[in-house]
Amino acid sequence: MKLIVCKFGGSSLADGNNISRVADILRADPARRFAVVSAPGKRFSNDIKVTDLLYECYRSAAQTGSCAASFSAIRRRFTSIVEELGITSFDIEAVLDETEREIGLKKSADFTASRGEYLNARIIAAKLGWEFVDAKDVIFFKENGAFDEEKSYPLIAERLSSCQNAVIPGFYGTDAHGNIKTFSRGGSDISGSIVARAVNAELYENWTDVSGFLACDPRIVNNPEKIEVISFKELRELSYMGANVLHADSIFPVRKGDIPIKIKNTFRPEDAGTLILPSKKYKKHGKTVTGIAGKKDFTVLYLEKSMMNSEIGFARKVLSILEQDGISFEHMPSGIDTLSLVIESKYLTDGVLDRLIGQISEAVHPDYIRVLENIALVATVGHGMAASVGTSARLFKALSDAGINVRMIDQGSSELNIIVGIDNDDYEKCLRAVYYEFFLKGKRKKAEAE
């Protein structure tokens, strides 16, 4: 029998009405046996997410020893959900009392934040009549904070093998000392992917409030095309560069297991969504470019030194300085006598940039260091680029015609993407120019020919 693991995001579970819709989706296909759920999200634009309310509870408990006042909003939210769902067999008040007591005792940010997923999973399990499996019993972290896959996967597989259906809270697990530990914000996507990998699911469905990935940001490009099929590699590039339908780190567990992902819309379940396939199952769709995405606010450190190529250990010395300061770099374009480091500007505030320049100057004695600030990166991504002659020419002509000055170019040997560095002020114009060139220009020519 086919096995599908489903993950539902906070917007899909914001209130009782939405949860009823989710219950109908799960019941519609018997293959949907396991559901990983987030905490309730916003019900309306100026609403507050449950996770944010819980962080306020933590602050109150840590500062005053009690979270009674701030927890009242949590209590109202979850009792309202239970009432909307009409669940009479589930004593939500007793569970909330225990949760409030534990928050006050533990005074742990991770424990407190995790209670949104915990409470929602308990409620959804009661609504469906499915088994509740607490993530703390099956998902574990190592001493260094990394996910412990060697311990977790067998435990998840063993525990769920005895369940016909189960609801598992996302976002958290147990650390090496037996305490609750959370993933980063948005980490329920990671939890869902981990569960799918552990049970060797045939499909991982990630349900959200959009009908899949779009070829470009709809806030910048009007009505961009929907991506029907995409590879894991393309998705990784687009997610990293700001296409945030799916948490970027959630790709890795299912990618290792060659498990396809389907992005689906909870509010339009009839929509096809976007299918994300492993490389071995992916077939090129005939398009040159799959999608365009980007991010603003980078700083580029440009180093120049004669005979750099013959100086053994030059790059290592520079990168070791970043490592010592706990700074990661995004890209490292280089020439025979030049090396550039592209770093998110948020890591270089409060004197860090000046200190970094001083450390690099002392370590490798470059002839010249130049700093470019307020740089945006735009990635044009697609497997079809490698086989299409003139892709780069089309891209750079489009930017030239739009009056955009390219400050940096980075293209990997895989030819999966071309990344350009431009001024922040040209970011939106750049996205529109590239989208028009690869998605609209061909359609216009075809229409004119017809």
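Rules of the game
Residues numbered from 1 in each chain as written. Predicted model: local features only at pLDDT ≥ 70, side-chain atom pairs only at ≥ 80, totals over all residues. Heavy atoms only, no water. Axes fitted to C-alpha atoms, helices over the stretch in contact; angles between N-to-C directions. Helix = DSSP H or I, 4+ residues; strand = E, 2+ residues; numbered from the N terminus. Parallel < 35°, antiparallel > 145°, perpendicular 65-115°, else oblique. Left-handed = near helix turned anticlockwise from the far one by under 90°. Contact = heavy atoms within 4.5 Å. Nonpolar A, V, L, I, M, F, W, Y, C, P; charged D, E, K, R; others polar. Salt bridge = Lys/Arg side-chain N within 4 Å of Asp/Glu carboxyl O. Buried < 20%, exposed > 50% of the residue type's maximum accessible area, 1.4 Å probe, protein only. Pairing = 2+ DSSP bridges. Disulfide = S-S within 2.5 Å. Phe/Tyr/Trp six-rings, centres within 6.5 Å; stacked < 30°, edge-to-face > 60°. Lys NZ or Arg CZ within 6 Å of the ring centre and 35° of its normal.

**Student:** What is the right way to look at the packing of helix α3 (residues 68-85) against helix α5 (residues 109-128) in this model?
**Tutor:** One way to put it is that α3 packs onto α5 with a least axis distance of 11 Å and a crossing angle of 15°. With respect to α5, the element α3 is oriented roughly parallel. The hand of the α3/α5 crossing is right-handed. For the pair formed by α3 and α5, the contact residues are Ile74, Phe78, Ile81, Val82 and Leu85 on the first element and Gly116, Leu119, Asn120, Ile123 and Lys127 on the second. Here the contact of α3 with α5 is composed, by residue class, of seven nonpolar, two polar and one charged.

**Student:** Can you help me understand the pattern of salt bridges in this one?
**Tutor:** Once the charged atoms of two side chains with opposite charge are near each other, the side chains can pair. Throughout the structure, instances matching the rule amount to 24 salt bridges. Residues Arg32 and Glu205 are paired through a salt bridge, measuring 2.8 Å at the closest nitrogen-oxygen approach. Taken together, the residues span a long stretch of sequence, with Arg32 in strand β2 (residues 32-37) and Glu205 in strand β7 (residues 203-208) at a distance of 173 residues. When sorted by exposure, Arg32 lands in the same class as Glu205, which is buried. Here Lys397 makes a salt bridge to Asp401, at a shortest N to O gap of 2.8 Å. Linking Lys397 with Asp401, this pair stays in helix α12 (residues 391-401), spanning four residues, or about one helical turn. Judged by relative accessible area, Asp401 falls into the exposed class, the value being 56%. Three or more residues joined by partner-sharing salt bridges are found here, namely Arg75, Glu93, Asp97 and Glu100.

**Student:** What exactly am I supposed to notice about the sheet that holds strand β12 (residues 338-344) here?
**Tutor:** Strand pairs in the sheet, formed through backbone hydrogen bonds, run parallel or antiparallel to each other. With antiparallel pairing, five strands are arranged side by side in an open sheet as β12-β11-β13-β15-β14. Two strands bound the open sheet, and with one partner strand each, they are β12 and β14 (408-411). With direction set aside, neighbouring strand axes in the sheet form an average angle of 35°. Bridge analysis of strand β11 (residues 291-304) against β12 gives seven bridges, and the strand direction is antiparallel. Bridge pairing in β12 places Glu304 opposite Thr338. Sitting on the sheet, helix α8 (residues 232-240) is in contact with β11, β13 (368-381) and β15 (417-423), with an inclination near 70° to β11. Of the strands in this sheet, β13, β14 and β15 touch α12, which is tilted by about 15° from β15.

**Student:** Explanation requested: the pairing of β13 in the structure shown.
**Tutor:** Regular strands have side chains that alternate between both faces of the sheet. Across eleven bridges, the pairing between β11 and β13 is antiparallel. Each residue of the ladder has a partner; that of Ala293, found in β13, is Ala379. Relative to β15, β13 runs antiparallel, the two sharing seven bridges. If you follow Leu377 over to β15, its bridge partner there is Gly421.

**Student:** Sorry if this is basic, but what is going on with the state of the cysteines here?
**Tutor:** Note: disulfide means a covalent bond formed between the sulfur atoms of two cysteine side chains. Taken as a whole and assessed by the stated rule, the structure comprises zero disulfides. Note on Cys163: no disulfide assigned, nearest cysteine sulfur contributed by Cys6 at a separation of 15 Å. Using a relative accessible area of 2% as the deciding quantity, one classes Cys163 as buried.

**Student:** Honestly, the packing of aromatic side chains in this entry has me stumped. Any pointers?
**Tutor:** To describe a pair of aromatic rings, one takes the distance between the centres and the angle between the planes. A complete count under the given rule lists six aromatic pairs for this structure. Both rings, one in Tyr118 and one in Phe132, keep their centres 5.6 Å apart while their planes meet at 85°; by these two values the pair is edge-to-face. Of this pair, Tyr118 sits in helix α5 while Phe132 sits in strand β3 (residues 131-132); the two residues are 14 residues apart in sequence, bridging distant segments of the chain. Ring geometry for Tyr302 and Tyr368: centres 6.5 Å apart, planes at 75°, overall edge-to-face. Of this pair, Tyr302 sits in strand β11 while Tyr368 sits in strand β13, and the two are 66 residues apart along the sequence. By relative accessible area, which is 41% here, Tyr368 ends up partly exposed. Of note, Arg115 hangs over the ring of Tyr172, and the distance from its end group to the ring centre comes to 5.3 Å. The ring of Phe132 carries Arg122 above its face, with NZ or CZ at 5.7 Å from the centroid.

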